[in-house]
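These are the residues of each chain, in order.
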Amino acid sequence: MTDCIFCKIIAGDLPATKVIEDEQTLAFMDINPGSHGHALVIPKAHSKDLTAIGPDDLAACLSTAQELARRAMENLGADGVNLINCCGAAAWQTVFHFHLHVVPRYADGPHRDGLQLPWVPAPGDPGEIADAARALSNGD
Ligand code: 5GP
Ligand code: ZN
């Protein structure tokens, strides 16, 4: 994809701070980090989002993300890691080349960690939950 910034990073036409590279995936630092060590994992083959990526590339991205999560905890001293994917503009996706955010989390406060839970946990309406479950189960 010629107009995709992540494809340009893979091709070497745009700079990136790379941390892991293998045959199918690339991991590099996010330029607008939500916490210390926030990195992105992308497939080398262009897919626009979670609904479009093939199972092999998805599995490869997840494996690279797992390795990054381990390194965040072992090498950066992270206390936890959030794995985030935004699928679609309504879900905050801004770059339409599939990517996983690997966001190290720190228990010691906001100077290394600016993340907050993006919803207010509160009990849902049981009828609505059941309706959604029926629609999502496809009769399974
Ligand atoms: P999204 O909002 O699509 O889930 O995430 C896109 C991410 O890509 C954002 O966190 C943004 O900071 C990051 N990003 C956008 N452009 C660039 C770039 O040119 N280089 C790097 N390293 N990250 C980028
Ligand atoms: Zn792309």
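Residues numbered from 1 in each chain as written. Chains lettered and ligands numbered in written order. Predicted model: local features only at pLDDT ≥ 70, side-chain atom pairs only at ≥ 80, totals over all residues. Heavy atoms only, no water.

Chemist: Can you help me understand the coordination of the zinc ion (ligand 2) in this one?
Modeler: In a perfect tetrahedron of four donors around a metal, the angles come out at 109.5 degrees. In a perfect octahedron of six, they are 90 or 180 degrees. Coordination of the zinc ion (ligand 2) by the protein is provided by Cys-4 (SG), Cys-7 (SG), His-46 (ND1) and His-97 (ND1), with metal-donor distances spanning 2.1 to 2.3 Å. The coordination sphere of the zinc ion (ligand 2) comprises four donor atoms, whose angles at the metal cover 102 to 117°; the geometry is tetrahedral. Summarised as a motif, the one-chain spacing of the donors to the zinc ion (ligand 2) is C-x2-C-x38-H-x50-H. Remark: His-97 occurs in the loop between strand E4 (80-84) and strand E5 (100-105) and Cys-4 occurs in the segment before helix H1 (5-11); sequence separation between them is 93 residues. Each of the two residues, Cys-4 as well as His-97, counts as buried. (Donors = N, O, S within 2.8 Å, 3.2 Å for Na, K, Ca; no water. Tetrahedral: all angles 85-135°; square planar, octahedral: opposite > 155°, others 65-115°. Helix = DSSP H or I, 4+ residues; strand = E, 2+ residues; numbered from the N terminus. Buried < 20%, exposed > 50% of the residue type's maximum accessible area, 1.4 Å probe, protein only.)

Chemist: Explanation requested: the side chain of Thr-64 in the structure shown.
Modeler: Tracing the backbone shows Thr-64 in helix H2 (residues 55-75). On the basis of relative accessibility, which here comes to 4%, the residue Thr-64 falls in the buried class. Once residues lying within four places of it in the same chain are set aside, the contact partners of Thr-64 are Ile-20, Asp-22, Thr-25, Ala-27 and Val-41. (Contact = heavy atoms within 4.5 Å.)

Chemist: Quick question: what am I supposed to make of the site of ligand 1 here?
Modeler: Lining the immediate environment of ligand 1, one finds 16 residues, of which Met-29, Asp-30, Asn-32, Thr-94 and His-101 sit closest. Side-chain polar atom of Asp-30 to an oxygen atom of ligand 1: 2.5 Å apart, as the coordinates give it. Within the contact set of ligand 1, an oxygen atom lies 2.8 Å away from a side-chain nitrogen or oxygen of His-101. For ligand 1, the accessible surface in isolation is 520 Å², of which the surrounding protein chains cover 84%. At the level of secondary structure, the elements contributing two or more residues to the shell around ligand 1 comprise H1 and strand E2 (25-29). Of the residues assigned to the shell around ligand 1, the class counts are ten nonpolar, five polar and one charged. (Near = heavy atom within 4 Å. Polar contact = N/O pair within 3.5 Å; in protein donor to acceptor, adjacent residues only side chain to side chain. Areas by Shrake-Rupley, 256 points an atom, 1.4 Å probe, with all protein chains shown as cover. Nonpolar A, V, L, I, M, F, W, Y, C, P; charged D, E, K, R; others polar.)

Purely spatial values, then, with no claim about function.
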